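Notes for the structure review
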Amino acid sequence: MPVRFGVTTKIAAGYLVFALFGMVALAYALTSLHSQTRRAEQLVKRDIRALDLARDLLNNLLAQERIEQQFLLLEDEALLEMLSKRREEFSSAWRALAAASPESVRHLESLVIEAEKKGGQELQLLSGRKYDQAREFAAGILAPQRAILAERLETLTAGKTAVIETTLDELPTASAKAYRITFLLAFLGLLFSAPVAVLVIFGIHRSLGALTRATEQIAAGSFDYRIGIRSQDEFGILAHEFMQMGRKLGELEKLHLDANPLTHLPGNLAIDRELDSRIRQGHSFAHMYIDLDHFKAYGDR
């Protein structure tokens, strides 16, 4: 009797279902965690960094304009050094911003290059003490360009602020969603594997009960007792063997009852069965039948 779906196979199937859903849940949880970690890193390293640098550039532009006006009013050489230092800081902050978020500031590159070029020209006029030309240059050329750049930087800071706020709002929502889906996958694994476990446990309990009753019936002499286990697993094989054993025990019982009580030699039923078997198999054999008259009285005596 071949085994199609053994007990071990059923248990393994239930475990594999649970393990499969568990692995999917774990993979989804790790993927979601990795995605949120990357978003958090991008938020810190790119967006927040870019926002801070954009604000520094905007403040630097305002500081340059303020120092420039003070210098043109007071003509103090110390202010000229401060203006030169602010412009160096502006260039350094711009390079850091371009490295942190190149896609966000690509449209500002030409404006920044032109502003740095015009700033250098103004610095040459101030260093050469050409104050009247410097005032005209600052008012007519540098101030409008600086205003446009400041407006673009304000737009950039507003956009980065919106992105940061949106990301901060989405992270808890994404975490809650990942938690719900992970829990759902784990629950589905338990839900689908639980019926398999229940069926296996119930089948084992029922089969053990049937085999116990069969043992009792066979021990009581009911050698033709039908166990009633039709499953094609280990218990089905054991039930089949139990019934074969019962038939063999029944045959042995018949042979025992048919045996001669005095000599314990096989009786008529055993002899007839042996003759029929040899005839069916076509084996050559010799048969002798001997009968003694009045042997019973001899035996009884």
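Above this text you will find the structure in question.
We now turn to the structure provided with this report.

Cut-offs and rules
Residues numbered from 1 in each chain as written. Predicted model: local features only at pLDDT ≥ 70, side-chain atom pairs only at ≥ 80, totals over all residues. Heavy atoms only, no water. Helix = DSSP H or I, 4+ residues; strand = E, 2+ residues; numbered from the N terminus. Contact = heavy atoms within 4.5 Å. Patch = residues over 30% accessible without salt bridge, like charges linked within 9 Å, V, L, I, M, F, W, Y side chains within 5 Å. Areas by Shrake-Rupley, 256 points an atom, 1.4 Å probe, with all protein chains shown as cover. Salt bridge = Lys/Arg side-chain N within 4 Å of Asp/Glu carboxyl O. Core = buried A, V, L, I, M, F, W, Y, C linked by side-chain atoms within 4.5 Å. Buried < 20%, exposed > 50% of the residue type's maximum accessible area, 1.4 Å probe, protein only.

Within the secondary structure, glutamine 36 is located in helix 1 (residues 7-74). Excluding residues that lie within four positions of it along the chain, glutamine 36 makes contacts with Leu171, Ala174, Ser175 and Ala178.

Once that is clear, we can look at a nonpolar patch on the surface. A cluster of nonpolar side chains, namely Tyr179, Phe183, Leu184, Phe187 and Leu191, defines an oily patch on the protein surface of about 560 Å² accessible area. One can find phenylalanine 183 in helix 5 (residues 131-219).

All right, on to the nonpolar core then. Of all hydrophobic cores here, the largest spans 20 residues; its most connected members are Leu57, Trp94, Leu97, Leu108, Leu149, Leu153 and Leu156. Of all the secondary-structure elements, those providing two or more residues to this core are helix 1, helix 2 (77-100), helix 4 (109-127) and helix 5. Examining the composition of this core, we find that six residues originate from one element, helix 1, more than from any other. When sequence neighbours within four positions are dropped, the list of residues in contact with leucine 153 reads Leu57, Leu58, Leu61 and Leu108. Membership of the second largest hydrophobic core comes to 12 residues, among which are Leu79, Leu80, Leu125 and Phe137.

Turning our eyes to something else, we now look at the pattern of salt bridges. Evaluated as defined, the whole model comprises seven salt bridges. The salt bridge partner of arginine 87 is glutamate 68, with a shortest N-O separation of 3.7 Å. In this pair, arginine 87 is assigned in helix 2 and glutamate 68 in helix 1, connecting sequence segments 19 residues apart. On the basis of relative accessibility, which here comes to 11%, the residue arginine 87 falls in the buried class. Between glutamate 114 and lysine 118 there is a salt bridge, and its shortest N-O distance comes to 3.5 Å. Taken together, the positions of glutamate 114 and lysine 118, both in helix 4 and four residues apart, correspond to about one turn of that helix. We classify lysine 118 as buried; its relative accessible area is 17%. Each member of the salt-bridge network shares a partner with another, and the members are Arg46, Asp47, Glu103 and Lys160.

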